[in-house]
Amino acid sequence: MAFSTEDPKFAEFRQLFAKARSVLVLTGAGVSAESGVPTFRGSGGFWRKYQAIDLATPESFAKSPSLVWEFYQYRRELMATKEPNKGHLALVEAEKRFEKEGRRFVILTQNIDGLHRRAGSSNLIEMHGMLILHLKILCTSSENIGNLFKTRCTSCGFVEENKNNPICEALRGRGLPDVETGSDIPVADLPLCRQCQSLVRPHVVWFGEALWPDVRERIDKEIAQCDLFLVVGTSSVVYPAAAYASIISRLGIPVAEINIESTPSTSDSTGPSGELLPILLAPSVDEAL
Ligand code: BJW
Ligand code: ZN
């Protein structure tokens, strides 16, 4: 199902939403696009001459930790200038209302920008709480949820929050998307572990790395109990998230999508989430109480 407000599917969604007992919302980079945060794919998906997705890999980090750190330094710095948009806020309002009405409203996000939390969402699963396959010490819990402002040691696995800007002196003034600096910072000058002095990396899930088992379990539970699934601003090409719409649809649960383009999840484009979420998630008179 995909919407425009004139579309009968809009009214259909509103009816389903009014009656739903447990709504699961999957978000991707598109939900933050109207805050000015670049998406991964499409025209915004470039940083310098690189595609953002090509830098978010263990292989790129192994090849040039300096280059990858510049990319993340840029994104960390950018977030200081960005605010949650109307889409994030509509999700917060819906969560609060559902809670009062004794209904479930859960956000499952692929984003590491922290905007859902900053907006005030609390029933939130951040998929980047993660476990990596190459790590020597495998942590067993996702307590340390990953995001742009967490680092993890490549040697001892120590995770910590780090909001310093720049994250280290050598990255001061680096990472600008329109300045090619050569990215030759020696490892000893990059962010290092306070426990063992080894190189740290962003504490996020890169390609080829797996989600934490307990994050996966929580997602499976939410999928099993939701009676309406809303997919917002994701290209639906990266697994495991890309599979959720079809898994849920096969369970006979309605799936709806908001995206400015068509995706493999549903066929039609709808419109921007910052405009549509406030309308779609607004209270209605026949809301289930
Ligand atoms: C708007 C809008 C507006 C714009 N309003 N909309 C099964 C089959 C095939 C491959 C695999 C498979 N299982 C696993 C794989 C491998 C791989 C994968 O999926 N590859 C595919 C590319 C084929 N997956 C993995 O490796 C994952 N791990 C895993 O599954 O572990 C188990 C396993 C391991 C090894 C082997 C097999 C199994 C891990 C994936 C990690 C993804 N990492 C990144 C980077 C995170 C760090 C960082 O941010 O720096 O995560 S990549 C990037 O893509 C990020 C996102 O979470 C992810 C999805 O991106 P998203 O959010 O959809 O953004 P965009 O830019 O793609 O889309 C934005 C959308 O918004 C667009 O559609 C716009 O139109 C729309 N939009 N403005 C509404 N205003
Ligand atoms: Zn360490």
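Predicted model, so just to flag it, every value in this text is computed and none were measured. (Residues numbered from 1 in each chain as written. Chains lettered and ligands numbered in written order. Predicted model: local features only at pLDDT ≥ 70, side-chain atom pairs only at ≥ 80, totals over all residues. Heavy atoms only, no water.)

Digging into the pattern of salt bridges
Working step 1: For the coordinates displayed, the defined rule picks out 12 salt bridges.
Working step 2: Measuring nitrogen to oxygen at the nearest pair gives 3.4 Å for the salt bridge that ties Glu 70 to Arg 174. With Glu 70 in helix 4 (residues 65–79) and Arg 174 in the loop between strand 8 (159–161) and strand 9 (200–202), this residue pair connects regions lying 104 residues apart in the sequence. The same class applies to Glu 70 and to Arg 174, which are both buried.
Working step 3: Glu 160 is paired through a salt bridge with Arg 194; the nearest N and O atoms lie 2.8 Å apart. Within this pair, whereas Glu 160 is found in strand 8, its partner Arg 194 is found in the loop between strand 8 and strand 9, the two being separated by 34 residues in sequence.
Working step 4: For Glu 160, a relative accessible area of 17% corresponds to the buried category. (Salt bridge = Lys/Arg side-chain N within 4 Å of Asp/Glu carboxyl O. Helix = DSSP H or I, 4+ residues; strand = E, 2+ residues; numbered from the N terminus. Buried < 20%, exposed > 50% of the residue type's maximum accessible area, 1.4 Å probe, protein only.)

Overview of the coordination of the zinc ion (ligand 2)
Six octahedral donors at a metal ideally form angles of 90 or 180 degrees, and four tetrahedral donors ideally form angles of 109.5 degrees.
Working step 1: In this structure, Cys 153 (SG), Cys 156 (SG), Cys 193 (SG) and Cys 196 (SG) serve as the protein donors to the zinc ion (ligand 2), at separations of 2.3 Å.
Working step 2: What the 4 donor atoms of the zinc ion (ligand 2) show is an angle range of 98 to 119 degrees at the metal, which sorts the shape as tetrahedral.
Working step 3: Within one chain, the residues donating to the zinc ion (ligand 2) are spaced in sequence as C-x2-C-x36-C-x2-C.
Working step 4: For Cys 193, a relative accessible area of 3% translates into the label buried. (Donors = N, O, S within 2.8 Å, 3.2 Å for Na, K, Ca; no water. Tetrahedral: all angles 85-135°; square planar, octahedral: opposite > 155°, others 65-115°.)

Some words on the site of ligand 1
Working step 1: Neighbouring ligand 1 are 33 residues, the closest being Arg 41, Tyr 72, Arg 75, Glu 209 and Ser 235.
Working step 2: In the environment of ligand 1, a nitrogen atom lies 2.9 Å from a nitrogen or oxygen atom belonging to the backbone of Val 205.
Working step 3: With respect to ligand 1, the backbone of Gly 208 contributes an N or O atom lying 2.7 Å from an oxygen atom.
Working step 4: When ligand 1 sits alone it has 1500 Å² of accessible area, and the protein chains cover 76% of it. (Near = heavy atom within 4 Å. Polar contact = N/O pair within 3.5 Å; in protein donor to acceptor, adjacent residues only side chain to side chain. Areas by Shrake-Rupley, 256 points an atom, 1.4 Å probe, with all protein chains shown as cover.)

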